[in-house]
Amino acid sequence: MDRPRPYTVDVTSALKPGVNTISVGVTKTLTNTLANSRNKILPSGWAGPGRTGHPAPASSHHRDPPGEDPMKRRSVLALGAAGAAAAALPWPSAAAAHQAGALKPFEAGAKFRWWWPHGLVDPVEIAREIDQIADAGFAGMEIQDVHHSIRGGVDLDPAGHGWGTRPWRDAVEAALRQARKRGVTIDLAVGPSWPAAVPGITPESPAAAKELVHTVTPFTGGITAPVDTSVFAVQIARLVSGTTLDPASVQTITPVGGQVQVTVGEGNWLLFTYTVRGSGQEPEGGPHTDPDSYVVDHFSRAGTTAIIDAWNELVLTRSIRTLLRDAGGDLFEDSLELETDWTLWTPDMPAEFAKRTGTDLLPLLPILLNPKGKYLYSFAADPTNHARDAFNQVLSDLYHENHLIPLRDFAHSLGLKLRAQPYGLSTDAIRSATLLDVAESESLGFKNLDDYRVLAAARDMAGKKVLSCEAAAYANGAYSTTWNKVLQTMGSVFAGGVNQAVLHGFAYKDAPGAAWPGFAAFSPYNGNGIGYAEAWGPRQPTWRHARDVSGWFARTQEVLQTGTARADLVFFRQKGWTATGIGAPWATNDGIPIGWTHGFADEASLSLPAAKVRDGRLGPPRYKAMILDGDAFRGKDHTLSVRGAQQLLSFARKGLPTIVIGNWSDVHPAELQPLLQQLLALPVVRNVADQTGIPAALEELGVKRDVEYARSSLMTVRRVDGDDDYYYLANARHAENRVIPAIDHDVWLTTESRSSVPVVINAWTGAREGIAHERDGHRVRLRVALQPGQSRLIAFERRRVPVPSRTFTDVAPVTTPWELEVEDWQPSGVTKHQVTLTELVPWSAIPELADVSGIGRYRTTITAASPTTALLDLGKVVDTCRVRLNGRRLPPIDVLAPVADLRLRRGVNTIEVEVATTLLNRLRTTSPSVFGIAARQAYGLLGPVTLRYYR
């Protein structure tokens with residue numbers, strides 16, 4: 001949501017004598033990308049303050065109150081703003097930039113999912129859209145054949161233009177050629193839409209997804225029943241009560257002459273029959289191909305082979321193979337949304353289960369029946385959950401061995417990386433993330449930040465670089481999603497360990513039946529409903545400011561991809577599941593709010609070569625302590641694998657502090673008893689009754705956190721590169737629906753070097769400035785002030801950067817009238833409105849603007865008696881904005897903290913604030929059947945606008 005009274009971020013511009021005009025513009029800017037060097041991160045082509053001849057930047061935002069702590073007064077400069085030098089650079093419009101040469105994308109920038117109505121696209125338009133993305137500063141596109149907004153997809157001609165057809169390949173080739181030219185990358189999905197599916201197989205093909213269909217017939221005394229020849233197995237079991245079965249009663253019956261005949265003792269009995277068949281699942285939003293595509297078996301080699309064969313036959317022309325090596329990025333697979341009305345299955349499951357567990361699967365079948373994700377029966381004894389866990393673990397192993405690894409190898413053969421969302425089923429996502437080149441999460445499907453940390457910790461232990469996120473998909477958010485909301489979401493997601501955003505999404509220009517403003521993959525959604533965000537691109541008024549936003553993403557991601565991650569604590573997981581919302585409650589409620597950081601590990605990640613203890617620290621994240629609790633997914637059951645127990649014992653023996661939560665005297669299986677006793681007897685191990693005992697145990701063990709502050713909503717990520725430290729600080733929320741306040745307090749940060757100096761990297765401009773701080777050995781104290789969702793980048797390096805300083809002399813509201821000129825975007829084109837405002841109100845409160853979406857330019861003048869400097873605080877703005885002073889556009893300003901730094905000339909100064917909106921308010925009138933249910937958004941410069949004069 002849009003927040004009032006954002007924290008200031010300074011962008012300084014040289015002011016002339018006399019009248020100065022401030023404007024917020026919408027033309028594209030030439031921003032600077034971060035260049036990563038051994039000892040520092042700098043904007044590309046940017047020497048930094050003190051090396052360009054421009055004035056040093058200033059960053060304080062507060063008058064010093066009487067009696068204020070001098071540390072607070074000094075360090076409040078720390079996290080404020082961009083440097084003055086940034087403002088001295090030219091900021092050309094897109095047109096001017098093209099005259100001098102096309103704008104370049106940011107190397108570490110965010111990507112877009114690129115929605116295509118499969119091959120019904122024009123290669124010329126495809127190249128044009130690549131230019132639009134590159135000019136806006138984004139780093140790449142992920143081609144997705146998705147068209148839920150077109151009912152049935154029949155108008156898209158899957159036979160002539162579907163996935164894998166000649167027109168589709170021509171468009172892919174055009175995209176790759178233009179991407180190579182513009183320096184962006186193209187990612188391709190493994191098949192049309194999701195889950196992974198290909199044409200050329202039928203539901204009964206060995207490569208197609210399978211399900212276990214069952215029947216249940218109650219009987220007493222005995223039963224004679226016909227059995228079809230397709231039946232895989234027939235069983236009987238006695239009901240104890242309700243849906244509880246006696247495990248000793250389960251018997252597998254062999255049919256004779258096409259029927260079974262059984263006589264039993266007393267009690268209520270059930271006759272089960274099981275048949276294996278194709279699930280018939282098709283990819284989302286079809287049809288995409290002719291013949292139809294069917295989802296492959298993700299647990300068999302046959303399924304993966306079918307994908308590779310389809311690529312070799314339908315996708316990989318000689319030119320596409322060559323272009324993939326030049327401009328290809330990732331081979332991408334979406335989450336494991338394998339759906340069936342019955343029980344998910346793979347034909348080799350009985351043999352694989354026996355081989356991997358040493359147990360016959362058949363006697364367990366009744367308690368494994370799981371139609372639509374709901375278990376039907378359980379045993380009247382403990383093994384129920386353990387049998388289900390064993391079944392899921394075998395599925396997980398088959399998914400890794402038969403699907404992820406061969407698909408990864410195939411991607412590598414093409415010069416691509418494999419990026420995938422390894423969740424959606426009860427599979428070990430931690431192990432998946434260690435195998436993938438790039439694991440991906442999603443901001444819509446993940447329930448809290450610990451869902452991200454599960455994958456981030458696996459990435460770090462495996463020595464991988466990137467954790468991606470399918471970012472900013474919101475239900476009913478189509479054409480109403482603001483960048484303000486996106487940045488608040490991603491500010492928190494990055495705090496969970498993500499360091500790459502794949503934004504959802506950029507829509508191809510048009511498709512059959514699409515209404516203004518063009519094709520949008522999810523709006524309307526399946527023929528009705530507003531649908532999911534978003535259809536970014538030039539159709540959106542806010543696209544005028546997209547390069548400002550892309551710069552923020554690129555600089556933030558560059559820092560978060562630098563060096564290696566560090567964290568304080570690691571929580572052991574009996575299962576590597578994620579997207580569950582189940583995390584570490586103590587860390588969420590008590591640890592993070594005072595500075596503790598953490599990750600998660602399971603048996604798979606602790607088996608990696610890097611999972612070694614050195615100097616009492618574990619792995620590349622240098623975890624300082626391991627925490628073991630009962631199985632969070634099984635009611636805190638005191639169990640773990642024997643191998644997992646051996647790992648924990650080995651780590652503790654090598655000096656890793658370990659905290660065991662709860663009474664494990666009932667630990668099982670029995671082989672764990674002596675291992676747990678040995679673990680608990682070690683001097684570096686503490687046993688506490690519950691999670692409230694964690695702080696005292698950490699204190700006893702001498703474990704201290706890297707970051708320390710008074711309780712707040714601040715969250716941190718630390719990256720270390722040699723002797724240099726990089727911190728991402730965010731005023732973040734653990735879950736999307738939480739409300740958080742602004743923060744302003746001191747923070748202690750730990751550094752590798754005892755002499756490095758903190759520097760703020762402005763994520764919006766790339767400018768750098770020093771921070772007032774206090775050092776105590778390896779710890780540095782500074783001040784942090786952040787609005788909800790806002791973040792800061794701090795680098796610790798040896799090169800000193802000047803610390804700016806300013807004294808505020810006066811604060812004055814801007815009460816002069818504003819002249820407002822509005823570009824009204826409509827299907828017929830753009831019309832203009834002129835309004836004079838004596839007070840700032842939303843467009844929805846102005847009759848002639850109530851249903852208008854577009855670009856608004858607010859102009860006013862202020863008079864300065866002499867040349868002076870001031871911060872222009874815009875208050876609340878919906879959505880993005882740019883500022884001009886006396887016709888000169890200022891550098892980008894923080895969407896979550898719209899404050900510009902001005903140098904006013906003597907006399908009259910003109911200020912212009914350009915505001916860009918979503919399209920919702922206009923679509924309410926042009927497409928009322930879809931968008932009429934939505935309330936108008938409050939657009940515009942809403943204020944209050946103030947000037948804070950300083951010297």
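Scoring rules and cut-offs
Throughout this description, residue numbers start from 1 for each chain and increase along the sequence as written. Where local features are concerned, this predicted model is filtered to residues with pLDDT of at least 70; where side-chain atom pairs are given and counted, the filter is 80 or more; whole-chain, interface and lining totals use all residues. Think of the side-chain values as coming from all heavy atoms in the structure, minus any hydrogens and water. Only strands joined by at least two bridges in the DSSP assignment are considered to pair. Runs of H or I in DSSP of at least four residues are treated as helices and runs of E of at least two as strands, each being numbered from the N terminus. Note on geometry: axes are C-alpha line fits, over the in-contact stretch for helices, and angles between N-to-C directions span 0 to 180 degrees. Crossings are assigned a handedness: left-handed for a near helix turned anticlockwise from the far helix by less than a right angle, right-handed for a clockwise turn. Residues are treated as being in contact if the distance between any of their heavy atoms lies within 4.5 Å. A pair is scored as a salt bridge if a Lys or Arg side-chain nitrogen falls within 4 Å of a carboxyl oxygen belonging to Asp or Glu. Predictor confidence is given residue by residue as pLDDT, running from a minimum of 0 to a maximum of 100. Note on ring pairs: Phe, Tyr and Trp rings are taken, using the six-membered ring of Trp, and paired if centres are within 6.5 Å. Classes follow the plane angle, with under 30 degrees stacked, over 60 edge-to-face and the rest tilted. Here the term buried applies to any residue with accessible area under 20% of the maximum for its type, exposed to any over 50%, and partly exposed to those in between, with areas from a 1.4 Å probe on protein chains only. Whether a charge sits over a ring depends on NZ of Lys or CZ of Arg being within 6 Å of the ring centre and within 35 degrees of the ring normal. Note on patches: the residues involved have over 30% relative accessible area and no salt bridge, like charges join within 9 Å, and the nonpolar side chains Val, Leu, Ile, Met, Phe, Trp and Tyr join within 5 Å. Method for areas: the Shrake-Rupley scheme with a 1.4 Å probe, in which residue coverage is limited to the protein chains shown. In this charge count, Lys and Arg are treated as positive and Asp and Glu as negative; neither His nor the chain ends contribute. One atom stands in for each charge, and that atom is NZ of Lys, CZ of Arg, CG of Asp or CD of Glu. Any pair of nitrogen or oxygen atoms within 3.5 Å is treated as a polar contact; in protein, a donor-acceptor pairing is required on top of that, and neighbouring residues in sequence qualify only through side-chain atoms on both sides. Multiplying one less than the number of residues by 1.5 Å gives the expected span of a helix.

Here's the deal with the sheet that holds strand β40 (residues 808–813)
Read across the sheet, four strands follow the order β40-β51-β44-β48 without closing on themselves; strand pairing throughout is antiparallel. At either end of the open sheet lies a strand with only one pairing partner, and these are β40 and β48 (899–904). On average, each strand axis in the sheet is tilted by 25° relative to the strand beside it, whichever way the strands run. Alignment of strand β44 (residues 868–873) against strand β51 (residues 946–950), held across five bridges, turns out to be antiparallel. Residue pairing across strands places L871 opposite R948, the latter belonging to β51.

Here's the deal with the sheet that holds strand β38 (residues 779–786)
Pairing in this open sheet of four strands is antiparallel, and the strands run β31-β34-β38-β37 from one edge to the other. Only two strands of the sheet have a single partner each, and these edge strands are β31 (707–709) and β37 (774–776). The sheet shows a mean angle of 30° between the axes of neighbouring strands, taken without regard to direction. Summarising the sheet, β31 and strand β34 (residues 743–750) pair through three bridges and their orientation is antiparallel. If you follow Y709 over to β34, its bridge partner there is V747.

Brief notes about the packing of helix α4 (residues 123–135) against helix α6 (residues 166–182)
Angle between the axes and distance between the axes are the two parameters that describe a pair of packed helices. Remark: α4 packs on α6, axes separated minimally by 8 Å, with the N-to-C direction vectors making an angle of 35°. Of the two elements, α4 crosses α6, and the hand of that crossing is right-handed. Here P123, I126, A127, I130, D131, A134 and D135 of α4 come into contact with α6, specifically with D170, A171, A174, A175, Q178, A179 and R182.

Quick word on the pattern of salt bridges
Within the structure shown, the criterion is met by 55 salt bridges. The partner of R356 in a salt bridge is E352, with the nearest N and O atoms 2.9 Å apart. A residue pair is termed a helical-turn pair when its members lie 3 or 4 positions apart in one helix, as R356 and E352 do in helix α9 (residues 349–357) at four residues. Here D397 ties to R431 by a salt bridge, and the two come within 3.8 Å at their closest N and O atoms.

So, the confidence of the model for the protein
On average, the protein scores 89 in pLDDT, and the residues at 70 or more come to 89%. Here residues 1–101 is modelled with pLDDT under 50, and outside its nearest four sequence neighbours on either side it reaches 379 contacts, counting other chains as well.

Comments concerning the packing of aromatic side chains
By the definition in use, this model includes 32 aromatic pairs. The interplanar angle of 20° and the centroid separation of 4.1 Å between the aromatic rings of W483 and W536 together place this pair among those described as stacked. You can see W483 sitting in helix α14 (residues 483–495) and its partner W536 sitting in the loop between β22 (500–507) and α15 (546–560), a full 53 residues away along the chain. Ring centres 6.3 Å apart and planes at 80° place the aromatic pair F494 and F553 in the edge-to-face group. Pair noted here: F494 is in helix α14 and F553 is in helix α15, with a separation of 59 residues, a long-range link. A residue is classified by how much of its surface remains accessible, and F494, at 0% relative accessible area, is buried. On the accessibility criterion, F553 (0% relative accessible area) is buried. If you follow R388 out to its NZ or CZ, it ends over the ring of Y375, 3.8 Å from the centre. One residue, R948, lies across the ring of F808, its end atom 4.3 Å from the ring centre.

Considering the packing of α6 against helix α8 (residues 318–327)
Contact pair α6 / α8: the axes reach a minimum separation of 9 Å and the direction vectors enclose 35°. As for how α6 packs across α8, the hand of that crossing is left-handed. Contacts from R169, V172, E173, L176, R177, A179 and R180 in α6 reach S319, I320, L323, L324, D326 and A327 in α8.

With respect to unusual backbone geometry
With an omega of 15°, the peptide bond running from W516 to P517 counts as cis. Relative to the helices and strands, P517 resides in the loop between β22 and α15. A cis geometry characterises the amide bond from S523 onward to P524, with omega recorded as 0°. Residue position: P524 is located in the loop between β22 and α15. Here S193, not a glycine, exhibits a phi torsion of approximately 55°, which is positive. Residue placement: S193 occurs in the loop between β6 (185–189) and β7 (197–198). In this model, A579 sits at a positive phi of 60°, which is unusual for a non-glycine residue. Position of A579 relative to the elements: it lies in the loop between β24 (569–572) and α16 (585–591). Assessed through its relative accessible area of 19%, A579 is described here as buried.

A word on the side chain of Q500
With respect to the helices, strands and loops of the structure, Q500 is situated in strand β22. Judged by relative accessible area, Q500 falls into the buried class, the value being 10%. Those residues in contact with Q500 that sit more than four places away from it in its chain are K111, R419, V466, L467, S468, C469, F494, Q557 and Q561.

Examining a negative patch on the surface
A surface patch of negative charge is lined by D157, E282, D290 and D292. Judged by its relative accessible area of 33%, D292 falls in the partly exposed class.

So, the environment of W269
When you line up the elements, W269 lands in strand β14 (residues 268–278). Each C-alpha atom of the pair W269 and V216 lies 9.9 Å from the other, and the pair is 53 residues apart in sequence. Once residues lying within four places of it in the same chain are set aside, the contact partners of W269 are T217, P218, F219, I236, A237, R238, S249 and V264. In this structure the side chain of W269 is engaged in a polar contact, spanning 3.3 Å, whose partner is the backbone oxygen of E266.

A word on the pairing of strand β46 (residues 880–885)
With respect to burial, β46 is a largely interior element, five of its six residues being buried. Pairing of β46 with strand β49 (residues 907–916) involves four bridges; the strand directions are antiparallel. Across the sheet, the residue bridging to T880 is A916, located in β49. When β46 meets strand β47 (residues 888–889), the two strands line up antiparallel, connected through two bridges. Bridge pairing links R884 to R889 in β47. The turn joining β46 and β47, which pair antiparallel and follow one another in sequence, is formed by two residues; a positive phi near 55° is taken by N886.

What to know about the environment of T542
For T542, the location among the structural elements is in the loop between β22 and α15. Taking the C-alpha atoms as reference points, T542 and C881, 339 residues apart in sequence, are found 8.5 Å from one another. With residues up to four places along the chain from it excluded, the contact list for T542 reads W483, W536, D879, T880, A916, T917 and T918.

So, the side chain of T588
In this fold, T588 is placed in helix α16. Dropping the residues within four chain positions of it, T588 is found in contact with D450, P593, H734 and R738.

Comments concerning the environment of N448
Following the sequence through the fold, N448 ends up in the loop between β20 (438–442) and α13 (449–461). When the C-alpha positions of N448 and I582 are compared, they lie 8.4 Å apart, and in sequence the two are 134 residues distant. Within the local environment of N448, its side chain forms a polar contact with the backbone nitrogen of D450, the two atoms lying 3.1 Å apart.

Things to note about helix α11 (residues 383–413)
Taking 1.5 Å of rise per residue, the 31 residues of α11 would be expected to cover 45 Å, and the 44 Å separating its terminal C-alpha atoms lies within 8% of that figure. Residue G415 follows α11 closely and has a positive phi angle near 80°.

Digging into the pairing of strand β32 (residues 714–721)
Buried residues dominate β32, accounting for eight of its eight residues. Here β32 shows a buried face lined by L714, T716, R718 and V720 and a second buried face lined by M715, V717, R719 and D721. Of the strand pairs in this sheet, strand β23 (residues 564–566) and β32 are connected by three bridges, and their pairing is antiparallel. Bridge assignment links A565 to a residue of β32, and that residue is R719. Note: β32 against strand β33 (residues 724–731), eight bridges, orientation antiparallel. Residue pairing for β33: D721 is matched across the bridge by D724. Turn length for the β32-β33 hairpin, with the two strands adjacent in sequence and antiparallel, is two residues, and the turn residue G722 shows positive phi of about 65°.

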